[in-house]
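Take a look at the letters that make up each chain.
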Amino acid sequence: MDLYEYQARTLLEEQGIPTPKAVFAQNSHEVAEAVETVGLPCVIKAQVKIGHRGQAGGVKLAKTLDEAILASEAILPMSIHGHKVSGVLVAEAKNILHEYYVSISVDRSSRDYDVLATAAGGTEVEEIAREHPESVKRLHINALDEFDIEAATRMAESIGFYHADVDQAAQILLKMWRCFKENDATLVEINPLAKIGDPDDESSKTLCALDAKISLDDNAAFRHDGWKRFEDAVQADPFEQRAREYGLHYVHLDGEVGVIGNGAGLVMSSLDAVSGAGEEQGTGIKPANFLDIGGGASAQVMATSLDIVLSDPQVESVFINVYGGLTSCEQVAEGILEAVAARGGSKPLVVRFDGNAADEGLSTLAKANNPNVHVAQTMEEAASQAARIAAEAVQSKEAR
Ligand code: GDP
Ligand code: MN
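Residues numbered from 1 in each chain as written. Chains lettered and ligands numbered in written order. Predicted model: local features only at pLDDT ≥ 70, side-chain atom pairs only at ≥ 80, totals over all residues. Heavy atoms only, no water.

**So, the coordination of the manganese ion (ligand 2)**
Under the convention used in this document: Note on donors: an N, O or S atom is included if it sits within 2.8 Å of the metal, or within 3.2 Å for Na, K and Ca, and water is never included, so sites can look incomplete. Strands here are runs of E lasting at least two residues and helices are runs of H or I lasting at least four, both read from the DSSP assignment and numbered beginning at the N terminus. Think of it in three bands: with a 1.4 Å probe and only protein chains considered, a residue is buried below 20% of the maximum accessible area for its type, exposed above 50%, and partly exposed in between.
Looking at the metal site, the manganese ion (ligand 2) is ligated by N191 (O) and D211 (OD), spaced 2.2 to 2.3 Å from it. Taken together, the residues span a long stretch of sequence, with N191 in strand β10 (residues 185–196) and D211 in the loop between β11 (206–209) and β12 (212–216) at a distance of 20 residues. Judged by its relative accessible area of 6%, N191 is buried.

Now the structure itself:
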């Protein structure tokens, strides 16, 4: 998971890395309040999970409150390289004397950690590496060696920090390393790590993290309470959020046929079959979601899955495609009937079974004689039937 700058800053601050005062804001009113807190001049920065914001017009300096509001009104509706801006960071503007770049990332090929750094920071490191490859230093941290203040100092010296900055740079490197380890990150990048202050006053000069990019290892989410604190309040899809709470693999799409299956491959083929049927029938009907219920296709899991899929108001029919393995299709059939009964009804379901007790499962469903539960022998047949039912429902909706 990639973090927004305002979230990444929080993790740096928790380690004691200096950052400018800043407040996240989502409308003009909040921007005005934020300016009050951070003071003037300030920078208004688009919050998107993509770099090169400066070049795209997503970072603007404001000297007055009016300028700050105007800048935010220009930035808030923007999309940068296809990413919708989720808000702005109103940050204290600093006088930049010099810009360094430092990052720590996982290096899968050498099975250790890469520290990438250059004294010529500011712009994207890829550009610097292209234009001045000699100025970009690549060092390594071995997972088994201790990375302490001595190691960090040696590193700061070899990275090319100016002599006066080495001690503070070493402290920051050490804190970045702790930030990386403690948060199970795959990337911690500061660009620019800026030397700021009054050029005529030596004692005012100090290093400060003006921009941060952090990616977290999704496989470690369980060790961090699922990173709930970083959930995107604005953009999180409510269906996906609910599915995640139940541990289901669900992806929200924007079609009309809900799809539930067991096994990622089977569900993917089911999506293709639905899209194919929609095209063939000339209706443009598409799948509404991907939902893999995994191995344990129990009645409870089926009930929860149906609940989530049917709570999407765009869903007009549901294609259930299950390959019976450990769980027999007969048990899945019972689960479907229980789930439909518990819901007190359902949109039309089309069920296709294969594998363990497939025939028994289908005959259980057929015997139940529920007008909303249809059975099909093949995947194509089921997809085609589900697509046709959805198209009819859409048509009669439009006629009304
Ligand atoms: P990015 O383009 O997405 O990497 O966004 P940054 O936050 O790195 O901002 C881009 C550039 O804006 C930086 O490299 C700086 O040159 C400039 N910038 C950002 N914050 C400040 C600030 O507080 N003062 C000044 N003078 N420039 C800033
Ligand atoms: Mn940057």
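Still to come is the rest of the account.
**What about the UniProt feature "binding site: Mg(2+)" (unreviewed entry) in the protein?**
Where we set the bar: UniProt positions are given in the numbering used here, feature names are shortened, and annotations may be inferred rather than shown by experiment. Using a grid of 1 Å spacing that covers the protein atoms alone, one calls a set of points a cavity when a 1.4 Å probe fits there but cannot get out, and a pocket when the set is open and has protein on both sides within 12 Å along at least five of seven lines; lining residues are those with an atom within 4 Å of a point. Contacts: residue pairs with any heavy atoms within 4.5 Å of one another.
The UniProt entry lists N191 and D211 under the feature "binding site: Mg(2+)" (unreviewed entry), expressed in the numbering used here. Of the residues just listed, which span 21 residues, no C-alpha pair is farther apart than 5.3 Å, and they cluster in one region. The annotated residues named above include N191 and D211 as those lining the largest pocket. Beyond its immediate sequence surroundings of up to four residues, N191 is in contact with Y100, Y101, G121, G122, T123, E124 and D211. Discounting chain neighbours no more than four positions away, the residues touching D211 are E5, K45, R53, E189, I190, N191 and P192.

**Here's the deal with the site of ligand 1**
What counts, and what does not: The criterion for a residue being near a molecule or strand is simple. One of its heavy atoms has to lie within 4 Å of it. Under the rule applied, a polar contact is a pair of N or O atoms within 3.5 Å (in protein, one hydrogen donor and one hydrogen acceptor; residues adjacent in sequence only if both atoms are side-chain atoms). All accessible areas in this document rest on Shrake-Rupley with a 1.4 Å probe, and a residue is counted as covered only by the protein chains that are shown. A pocket or cavity is taken to hold a molecule when more than half of that molecule's atoms are within 2 Å of the pocket's grid points.
Taken together, 17 residues surround ligand 1, and among them K45, R53, G54, K94 and D211 come closest. Between K45 and ligand 1, the recorded distance is 2.6 Å, taken from a side-chain N or O atom to an oxygen atom. Contact distances for ligand 1 include 2.8 Å between an oxygen atom and a backbone N or O atom of G54. Coverage of ligand 1 by the protein chains reaches 78% of its 560 Å² of free accessible surface. Judged by its atoms lying within 2 Å of the grid points, ligand 1 is housed in the largest pocket. Going through the elements one at a time, β2 (42–46), β7 (96–107) and β10 are the ones with two or more residues in the shell around ligand 1.

**A look at the sheet that holds strand β1 (residues 22–25)**
Here is the rule we go by: By this definition, two strands are paired if DSSP reports at least two bridges between them. Here the axes come from fitting lines to C-alpha atoms, over the contacting stretch only for helices, and the angles between their N-to-C directions go from 0 to 180 degrees.
Spatially, the 4 strands line up as an open sheet ordered β1-β6-β2-β3, and their pairing is antiparallel. Each edge of the open sheet carries a strand with a single partner, namely β1 and β3 (59–62). Direction aside, neighbouring strands of the sheet carry axes that sit 20 degrees apart on average. As judged from the 4 bridges shared by β1 and strand β6 (residues 88–92), these two strands associate in the antiparallel manner. The residue bridging A22 from the neighbouring strand is A91, located in β6.

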